[in-house]
Structure formats: structure tokens, C-alpha cells
Amino acid sequence: MLAHAAALGLGTAFSRAEEMSPCNIGAAGMCCKLCGMGPCRLTKDGQTGVCGATIDTIQARNLIRAIAAGAAAHSDHGRDMAFTLKAVANGEAEGYVIRDVAKLRTVAARYGIPIDGRAPAEIANDLADLYIAQFGQQRGEVVPIRRAPPKRQEVWKQRGVVPRGIDREVVEALHRTHIGDDQDAEHILEHAIRTALSDGWGGSMIATDISDILFGTPAPVLGQANLGVLKEDMVNVIVHGHEPTLSQMMVVASQDPEIIAYARAAGAQGVNLSGICCTGNEILMRQGIPAAGNFLQQELAILTGAVEAMVVDVQCIMQALVELASNFHTKIITTSPKVKIKGATHIEFDEHRALTVAKEILRHAIDNYSNRGDAHIPPVRQDLVPGFSHEYINYMLGGHYRASFRPLNDAIMSGRIRGVAAIVGCNNPRSTHDYLHTQVARELLRQDVLIVQTGCGAIAAAKLGFLLGEAGLTEVGPGLREVCEAVGMPPVLHMGSCVDNTRILTVLTQMVEEGGLGEDVSQIPAVGLAPEWMSEKALSIGAYCVASGVYVIFGGASPVSGMPDKVPDSNIVLRYISQGWEAIYGGKLEFINEPDEMVRRALDHIDRKRAALGLPAYDPARFGRSGDSRILEVEALPVAERRAALYGVQVE
Ligand code: BF8
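Along every chain, residues carry numbers that run from 1 in the direction the sequence is written. Two thresholds apply to this predicted model, a pLDDT of at least 70 for residue-level local features and 80 or more for giving and counting side-chain atom pairs, whereas whole-chain, interface and lining totals are computed over all residues. To obtain the side-chain values, all non-hydrogen atoms of the structure were included, while hydrogens and water were left out.

That bond from glycine 38 to proline 39 is cis: its omega, 0°, falls within 30 degrees of zero. Numbered from the N terminus, helices here are DSSP runs of H or I no shorter than four residues, and strands are runs of E no shorter than two. Note that proline 39 resides in the loop between strand S1 (31–32) and strand S2 (40–41). One non-glycine residue, glutamine 315, adopts positive backbone phi at about 70°. Here glutamine 315 shows up in the loop between strand S7 (307–312) and helix H14 (320–325).

Residues with no salt bridge and a relative accessible area higher than 30% make up the patches, which join like charges within 9 Å and nonpolar side chains (Val, Leu, Ile, Met, Phe, Trp, Tyr) within 5 Å. Per-residue and other accessible areas follow the Shrake-Rupley method at a 1.4 Å probe size, with only the shown protein chains counted as cover for residues. We count a salt bridge whenever a side-chain nitrogen from Lys or Arg sits within 4 Å of a carboxyl oxygen from Asp or Glu. A grouping of Ile631, Leu632, Leu646 and Tyr647 is seen on the molecular surface, where their side chains present a nonpolar patch of about 410 Å² in accessible area. Breaking the nonpolar patch down by element, the ones donating at least two residues are helix H25 (629–635) and helix H26 (639–647). Of note, leucine 632 is situated in helix H25.

So, on to the environment of methionine 205. On the secondary structure map, methionine 205 appears in helix H9 (residues 185–215). Owing to a relative accessible area of 2%, methionine 205 belongs among the buried residues under this scheme. Taking the C-alpha atoms as reference points, methionine 205 and leucine 517, separated by 312 residues in sequence, lie 24 Å from one another. Only protein chains enter the accessibility calculation, which uses a 1.4 Å probe; a residue whose area is less than 20% of its type maximum is buried, one above 50% is exposed, and one in between is partly exposed.

A few words now on the packing of helix H7 (residues 150–159) against helix H23 (residues 572–585). Convention adopted: a line fitted to C-alpha atoms gives each axis, helices being fitted over their contacting stretch, and angles between N-to-C directions are expressed from 0 to 180 degrees. For the pair H7 and H23, the least separation of the axes is 11 Å and the interaxial angle reads 110°. In this view, H7 runs roughly perpendicular relative to H23, as classed from their interaxial angle. For the pair formed by H7 and H23, the contact residues are Arg152, Val155, Trp156 and Arg159 on the first element and Tyr576, Ile584 and Tyr585 on the second. Basically, the charged four are Asp, Glu, Lys and Arg, the nonpolar ten are Ala, Val, Leu, Ile, Met, Phe, Trp, Tyr, Cys and Pro, and anything else, Gly included, counts as polar. Class assignment for the residues of the contact of H7 with H23 results in five nonpolar, no polar and two charged. Here the word oblique covers every angle except those under 35 degrees (roughly parallel), over 145 (roughly antiparallel) and from 65 to 115 (roughly perpendicular). Pairs of residues are marked as contacts when any of their non-hydrogen atoms sit within 4.5 Å.

Attention now moves to the packing of aromatic side chains. To describe a pair of aromatic rings, one takes the distance between the centres and the angle between the planes. When two rings of Phe, Tyr or Trp (its six-membered ring) have centres within 6.5 Å they constitute a pair, described as stacked for plane angles under 30 degrees, edge-to-face for angles over 60, and tilted for the intermediate range. One pass over the structure, following the stated rule, counts nine aromatic pairs. Ring-pair connections join several aromatic residues into one group, and the members of that group are Phe388, Tyr392 and Tyr395. Its end group placed over the ring of tyrosine 551, lysine 588 keeps NZ or CZ at 4.5 Å from the ring centre. As a reminder, the over-ring test applies to NZ of lysine and CZ of arginine, requiring each to be within 6 Å of the ring centre and within 35 degrees of the ring normal.

On to the coordination of the nickel atom of the ligand, then. Where a metal carries four tetrahedral donors, each ideal angle is 109.5 degrees; where it carries six octahedral donors, the ideal angles are 90 or 180 degrees. Here a donor is an N, O or S atom found within 2.8 Å of the metal, or within 3.2 Å if the metal is Na, K or Ca; sites may look incomplete because water is not among the atoms. Among protein atoms, the single one acting as a donor to the nickel atom of the ligand is Cys498 (SG), 2.3 Å away. Every geometry call rests on angle ranges, with four donors termed tetrahedral when all angles are between 85 and 135 degrees, four termed square planar and six termed octahedral when opposite donors are over 155 degrees apart and all others are between 65 and 115, and everything else termed irregular. In this structure, the nickel atom of the ligand is surrounded by four donor atoms whose angles at the metal cover 93 to 153°, and the resulting shape is irregular. With respect to the helices and strands, the residue cysteine 498 is situated in the loop between strand S13 (492–494) and helix H21 (501–514).

The six strands lie next to each other as S13-S12-S11-S14-S15-S16, forming an open sheet whose pairing is parallel. This sheet does not close on itself; its edge strands, each paired only once, are S13 and strand S16 (588–591). Along the sheet, successive strands turn relative to each other by an average axial angle of 20°, direction set aside. Strands qualify as paired when DSSP identifies two bridges or more between them. In this sheet, strand S15 (residues 551–554) lies alongside strand S14 (residues 526–530) in parallel orientation, the contact comprising four bridges. Of the residues in S15, the one forming a bridge with alanine 530 is phenylalanine 554.

Turning to its location among the elements, histidine 74 is positioned in helix H4 (residues 55–89). Under this definition, polar contacts are N or O atom pairs within 3.5 Å; protein pairs additionally need one hydrogen-donor-capable and one acceptor-capable atom, and for neighbouring residues in sequence, both atoms have to be side-chain atoms. Here aspartate 199 takes part through its side chain, which lies 2.8 Å from a polar atom of the side chain of histidine 74. Once you skip the residues sitting within four places of it in the chain, histidine 74 turns out to touch Asp199, Gly203, Ser204, Gln315, Cys498, Val499, Lys537 and Ile541.

The subject of this paragraph is the side chain of asparagine 281. Along the chain, the position of asparagine 281 falls in helix H12 (residues 277–287). For asparagine 281, a relative accessible area of 0% translates into the label buried. If near-sequence neighbours (up to four positions away) are discounted, asparagine 281 is found in contact with Gly455, Ile459, His494, Gly496 and Ser497.

This part takes up the nonpolar core. Judged by nonpolar contacts, the single largest core of 173 residues is most densely connected at Trp156, Met250, Leu444, Met511 and Ile577. For this core, the leading source of residues is H9, giving 15 residues. Grouped together as the second largest cluster of nonpolar side chains are 32 residues, Leu10, Ala13, Phe14 and Ala306 included. Side-chain atoms within 4.5 Å are what join buried Ala, Val, Leu, Ile, Met, Phe, Trp, Tyr and Cys residues into a set we call a nonpolar core.

The next thing to look at is the pairing of S14. For S14, the tally of buried residues reaches five of five residues, placing the bulk of the element in the interior. Across the two faces of S14 the burial is the same, with Ala526, Gly528 and Ala530 and Val527 and Leu529 all buried. Taken together, the four bridges between strand S11 (residues 419–423) and S14 define a ladder with parallel strand orientation. By the bridge assignment for S14, alanine 422 is matched with glycine 528. With its strands directed away from the observer, a crossover is right-handed exactly when the path from the first strand over the helix to the second travels clockwise. Between S14 and its parallel partner S15, the chain crosses via helix H22 (residues 536–547), and the hand of that crossover is right-handed.

So, about the environment of histidine 74. Residue histidine 74 is classed as buried on the basis of its relative accessible area of 1%. Residues histidine 74 and alanine 207, spaced 133 residues apart in sequence, show a C-alpha to C-alpha distance of 8.1 Å.

Here we come to H9. In this scheme, a helix's expected span is set at 1.5 Å multiplied by one less than its residue total. Along its 31 residues, H9 runs 42 Å from first to last C-alpha, staying within 8% of the 45 Å computed at 1.5 Å per residue. The angle between axes fitted to the seven-residue stretch ending at a residue and the seven-residue stretch beginning at it gives the bend at that residue. Of all the bends in H9, the greatest, near 40°, is centred on methionine 205. Among the 31 residues that make up H9, 29 are buried, leaving the element largely enclosed by the rest of the structure. Between the side-chain oxygen of the N-cap and the backbone nitrogen of glutamate 186 there are 3.0 Å, and the N-cap of H9 in question is aspartate 184. Directly beyond the C-terminal end of H9, a positive phi value near 105° is found at glycine 216.

Set out below in C-alpha cells:
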């Protein structure tokens, strides 16, 4: 597709990244532009800003501001979901229903909301009120915190970092970083933890709960990924962004007989819906709607010339889309009251008349079908099985009657599974598309590490075929392969969108509750990786995972690398978010740009956690002779030898 772009003389994020070298002062966190006396660019050791701000204060301020923006984005999404739940409960949201009553009851009961003898709408109304209140709450503790292991909650209480209210922590982060406020890097970063916790154990967790309640808790379903999911003879509509309220209704509208008839009347076979980024993940894992790609494929999709409309809502939408689309017939349709792009068509989405708006958007796209010129759809797509919510993993491992994480814990304790890695986050054109994601995933799988993925990382793995049962097992270590074969699961589990990283927190909590892997998340042989991070949301996720006790490795450049000639240990901020946070929370944040080094440190951490728990050292030679391995060896033999091996007789 890049060759195609070059032939057409069109630029993309890839070519712009080549032309635009990053500012080395800003990239290292050494530029302060928080007041009108600057921007102050610190380039010499000991230098300060005009106000006297030191390099570590400036780095810490920049980092917390990014974390606050990420937490705000995730949490504002959660707030909108809570308002939608309230509208559904009161019969004011056209087209939506409460799809997962069991999850509604489980979540509500956890907070003491009465469930017995009550209609789902009544329970949903109370839960929506409770969740809406978390955003503007001024004192106390946000309620999802109670779902963390007790030991973890103790750590947070002792440090005084339990979020009081979601909005309050984000606002305070902005206040503290105004000129003349908090000027102690470690103190600033302590509040960064509280802000990030208000995302992971606050806004994002609320968003995931409500998505499941309204659209169904994901379970495995067959899907496809990559640009080859676009179709020559259909109206191609791509939903791109993050909010499932829109994309779910687009699924419903695209299957409406009236819309299908409208598309046929326009000469197409129907409407082919696909997704990009996290809203794509939301409909991929629930309905198997194909993913056209991840973050760096949004422009490539338009370059196919086969997309009638790209319908966007919030987050990770490149402004370049509109200019690029002007070379084709593609319409860029913005839908959120929060996001407009100059030159795009704006059709505002309103959950009170969701189905009506979704149909209006689709009619626009269908009307555009006759304007399509030459299409250039690459014939590349891969099957995948997404939909591994923690509820499904529970069922998958234990069955209907004894749903449990026991087999997973046992497999880790025996050493069949060496440990667990969450590989999440974005694409970044500063490295080859998907390269870091897939390099790290490949090597960890070989080393018997079970992988869970979300966001653009999950779509990267999907395109490589890792999200398939048997087909994904060829490059997997012997012990992990046995477990995957026994359970019938892929070695990489797709757990959803970026707000669904909270599912990973829930899985880790459940592993603790199951027993045998310590009493806290920080004791589990687990790591988190964001090999190609680029968004502020990724930084917020990284910080809340650290606060939850996880060792988190970010690939690519560090936003707080500081003076280039200083050894990392003399960089106060780098040292604090690594060694300092580890001493307090048991988790740490490090930036490592070499994939082999990311893997080495991840495995080293996993092995040290295994040793601390008194588990046997990982030994790949111990496992791999059960499961399907023997049958695979036999199948590889010539026919006569195969029959001899199977039946013990030579057959002519
Ligand atoms: O929230 S992984 S590029 S799409 S920020 Fe964006 Fe990063 Fe993709 Fe989803 Ni998450």
C-alpha cells in the first residue's frame, strides 16, 4: 500500500515520520511550555527554566500531564457509557437493550445494589447513577477500587493514592503542573499514580462493565483482519475510533433489511462493515465484524479507493484522513459532539436516536457507492478468534459447573506455562509497522509465555495468525502448546480494546484469588509490554498497571529520557518510575527500544517472580510429550510408516 501511495504521489504517516524528525529536546521531556516565559528548552546539565524549574520537575510535569490526558480520554468515554446505560434503563435510548443481565446483576451486587426481585432496568438505573457519581465525586474512594486484591488496596491506602473521584484527580494533575505549583518530581509522580488509578480502576473499568452489559460479554467468535476484508462489490463502511455505542448501532443498521435493499438499489451486494482501532475491536470481539487494520492502517484503507465512508468518533483519528480522502471518493464522517475535523462531513451521533442516525450515516455511504473509481484492495486477510473476556476464560478453563482459573494457576505453578505477558498498545511509525509487537510476541511464545492482548497490539497479532487455535501453535514452546491443545485455546488471547485493559487487571486479581501465586498481583510471574506505544492513553495504562504491581516495559523512545549523556541512574525521574515505584508498588515502568532486550528483561522478571514464589525453575525439556505432539509426528510420516506407527503392522 505504501508503494501504491508513492505511485499516486500521496503521503502517509510513514512518509511524514521520515520527513519530520522528532525534536530531541521535547522528545526527552526537557522542554517546558507551561507558561509564557518560555518555552524553556533545557540542553545543559544543571540548567533550569526561567522560573528555576529543574530538569526532573519539568520531566515529571510533562509525564503527569500526558497521563492525565490519557486518563481523561478513557474516563470520559466511561462517563458517556454510564449516561447511555442510564438512558437505556429509562427507555430513552433508541435501539439499545440490556444484553447481559447476568453481568449487570454480578456488577451491581458487588456494590451492594439490591438485585433480588428487581427488573434489569431498575438495577441498571441504580448502577448508572452510582457510576455517574464516580466522575464528580469529591471525597472518599471510587468504588471499582474494591475489586482489587485486599493486599493491593492496602498498599494504595497506605500511600494515600486511592482516587477520590475520577475528574478530581485529572483536574488536580493539571493544577499541580501550573506555573508555580508542585515542584518535587517524586511528589508530582505520586499524583500521577493516583490519576492513572482513576482510569484503570475507575473510568476504564466502568466503560468495560457497561459495554458488556449493553452489548454482551465477549466470547470466542470467528473474525478476520487486514485490508483484504474490504469487498469490491459491496459498500465498504469503516468505523474508526473508540466508542462502541456508535459502532454497535452501525452493526445493527448495516443488517437492517431496509438498508440492504437501499444498497442493492445502488448496485452493490450490500453493506460491508469493518473496523479500525479499538471500536473495530469492540465489534470484532462481539459480532466477528472484520478488522480492516490497526492505527497505522487508517490511511492505507483510504488508499484502497474502495471505502465509501470512514465513520469516526473519538481518539486516534488522524487529521490527515480528510486531505487524503479528497483524492478519492471516500467520505470522512465525524460523529462525536467532541470531535470535528475541518473538511469532514459531520453527522452528530445521539444515543437517544442511535438507530436513526446510524441509518442516515449508512445512506450517505451508499449514495457514494456510484462515485467509486478504481479499487486497489490487497488480497491479504487472516482468520482469528477474539473474545476472551475474563468471564469466558473462567468458563473455558473450568467448564459450566466449576468455572475457575485453577488450571491456569496450576500450569504456571508446574512450569508448563512460564508466565504471562500482556502485550498492548499502539503502532508508531517511528518503528516498522507491527514489527516490535510481533517480534516480542514471537519470542515470548517460544519461551512458553502465555500472551493476552488488547488494542492495536491484538490486531497486529491477528494479522500474523497468532489468534487461532491449532494454527497459532507452530511457533509456541512445548509446555504452553500442551496447555493450548488441552484447553483448545490460542496461545494469544484477544481481550478487547484499550479500555479493556481493565479485563487484564481482573484476570490478575482472579489469579491471586485462586491461590498458589501469592497474595498480590506483584507476586505473579507476569509482565506488561507496550512495544510500539505512542498515545497518552498508553502512558496512563502503563502507570495504572505499575500501581497494580506489574513490571511494564514500553518500547520505542522514552518521553523522560533526559540529558543524552547522563547515565540512566542519575536521571531522577527515570530512576523513580523504575526503582522508586518498584519499592513502593512492586511494579515499575521502563523504556527499552530493543526487542531482544525487552524479551530478556521480561523473562528475567518472570523467572525471578517464579523463584520468589518457590516455584520450580522454568525448564523447556520437562514438557511437550503429551498433548498432540505424538500425533503430529505421526502425521508427518509417509503413509506406510504412518500406518505402521498407528497400528503396529506393516501395510502394503
Ligand atoms: O486505544 S492502541 S493507537 S487505537 S491508543 Fe489508539 Fe494506541 Fe491503537 Fe485504541 Ni489504544
